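Chain by chain, the residues:
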Amino acid sequence: MRLILMGPPGAGKGTQAKRLEDLYGLKQLSTGDMLRAEIASKSELGQRVEGILAAGELVSDDIMIEMIANRTAKPDCEKGFILDGFPRTVAQAEALDDMLHNMKLDLDAVIEIQVDENALYDRVQKRAAEDGTRADDNVEVMKNRLEVYRKQTAPITPYYKAKGMLKTVNGMESIDDVAAKIDSILGVST
Ligand code: ADP
């Protein structure tokens, strides 16, 4: 099974992706986590992207497309994967289509988690208080991340809608209720 989870920062993509990973043996591919690992390891790429993440801007399509192409080809993705944080631009979505086509693989679903923007500020502030490791979890950068989401990432939804692939869930419900909706979209009941 191959899925895309979409939604603005703080929508709960990571939480739902981790659950799907554990339940169905899929691999969660969080581009944000991959980039933060690069930064933590002080790799050349990490040093290049650190300021971009801290400002809430997007890393270039070329870098991200290459990262996902390499990652999805690894053996742990054979049973399937959940993309969390990719694609984030229409160009990335198109490149993903080409990539999957070449690998003779299909996408099973694109699930958009819809949330009320005001709630996102509360969630991100809570995450900052609990975890505090992310340079971009603060109100100022959050404003920019939302703006970037609206301008560059939200235009992907009509792209998948036109292909008849887009499903939406209400991310304002409890974690368990969102999970149950996702399961029903995927045709599995737990
Ligand atoms: P969020 O909480 O905003 O969903 P992520 O952990 O998914 O955060 O991503 C954090 C940051 O990593 C983004 O703000 C962006 O700078 C960078 N990033 C992650 N995925 C991508 C991508 N597909 N394209 C460009 N930049 C990305």
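Right, let's walk through the structure included here.

What counts and what doesn't
- Residues numbered from 1 in each chain as written.
- Predicted model: local features only at pLDDT ≥ 70, side-chain atom pairs only at ≥ 80, totals over all residues.
- Heavy atoms only, no water.
- Axes fitted to C-alpha atoms, helices over the stretch in contact; angles between N-to-C directions.
- Helix = DSSP H or I, 4+ residues; strand = E, 2+ residues; numbered from the N terminus.
- Parallel < 35°, antiparallel > 145°, perpendicular 65-115°, else oblique.
- Left-handed = near helix turned anticlockwise from the far one by under 90°.
- Contact = heavy atoms within 4.5 Å.
- Nonpolar A, V, L, I, M, F, W, Y, C, P; charged D, E, K, R; others polar.
- Near = heavy atom within 4 Å.
- Polar contact = N/O pair within 3.5 Å; in protein donor to acceptor, adjacent residues only side chain to side chain.
- Areas by Shrake-Rupley, 256 points an atom, 1.4 Å probe, with all protein chains shown as cover.
- Phe/Tyr/Trp six-rings, centres within 6.5 Å; stacked < 30°, edge-to-face > 60°.
- Buried < 20%, exposed > 50% of the residue type's maximum accessible area, 1.4 Å probe, protein only.
- Pairing = 2+ DSSP bridges.

Moving on: the packing of helix H1 (residues 13–24) against helix H9 (residues 175–186). When two helices pack together, their arrangement is captured by the angle between the axes and the distance separating the axes. At their nearest, the axes of H1 and H9 sit 11 Å apart, and the two run at 55° to each other. Relative to H9, the element H1 lies oblique. Where H1 crosses over H9, the two elements pack in a sense that is right-handed. Contacts from Thr 15, Gln 16, Arg 19, Leu 20 and Tyr 24 in H1 reach Ile 175, Val 178, Ala 179, Ile 182, Asp 183 and Leu 186 in H9. Among the residues forming the contact of H1 with H9, the class breakdown is seven nonpolar, two polar and two charged.

It is worth spelling out the site of the ligand at this point. In the vicinity of the ligand there are 19 residues, among which Thr 31, Arg 36, Glu 57, Gly 85 and Arg 145 approach most closely. Arg 145 places a polar side-chain atom, nitrogen or oxygen, 2.9 Å from an oxygen atom of the ligand. Across the complex, the protein chains shield 97% of the 550 Å² of accessible surface that the ligand would expose by itself. Looking at the shell around the ligand element by element, the count peaks at four residues for helix H2 (residues 31–40). Looking at the shell around the ligand residue by residue, the class counts come to seven nonpolar, four polar and eight charged.

This part is about the packing of aromatic side chains. Evaluated as defined, the whole model comprises one aromatic pair. Plain terms: the ring middles of Tyr 159 and Tyr 160 are 5.1 Å apart, the flat faces sit at 80° to each other, and that makes the pair edge-to-face. In terms of burial, Tyr 159 and Tyr 160 fall into one category: buried.

Turning to unusual backbone geometry, a few remarks are in order. Look at the link from Phe 86 to Pro 87: it is a cis peptide, with omega at -5°. Looking at the element boundaries, Pro 87 is found in the loop between strand S3 (81–84) and helix H5 (90–102). Phi is positive for Lys 42, close to 55°, though the residue is something other than glycine. Checked against the element boundaries, Lys 42 lands in the loop between H2 and helix H3 (44–55). With phi around 55°, Lys 104 is a residue other than glycine that occupies positive phi space. In this fold, Lys 104 is placed in the loop between H5 and strand S4 (109–114). Overall, Lys 104 belongs to the exposed group, its relative accessible area being 75%.

Before going further, it helps to examine the sheet that holds strand S5 (residues 166–170). Reading across from one edge, S2-S3-S1-S4-S5 is the order of the five strands in this open sheet, with parallel pairing throughout. Two strands close off the open sheet at either side, each with one partner strand: strand S2 (27–30) and S5. Between one strand axis and the next, the sheet turns through 25° on average, direction left out of account. The pairing of S4 with S5 spans five bridges and is parallel. Bridge pairing links Val 110 to Leu 166 in S5. Here H2 sits on the sheet and contacts S2 and S3; the angle it forms with S2, its principal contact strand, is near 65°.

So, about the packing of helix H4 (residues 61–72) against H5. Two numbers describe how H4 lies on H5: the axes approach to 10 Å, and their chain directions differ by 30°. The angle between the axes of H4 and H5 places the two elements in the roughly parallel class. Seen along the crossing, H4 lies across H5 with a hand that is right-handed. On H5, the residues that touch Asp 61, Met 64, Ile 65, Ile 68, Ala 69 and Thr 72 of H4 are Ala 91, Gln 92, Ala 95 and Met 99. The class makeup of the residues in the contact of H4 with H5 is seven nonpolar, two polar and one charged.

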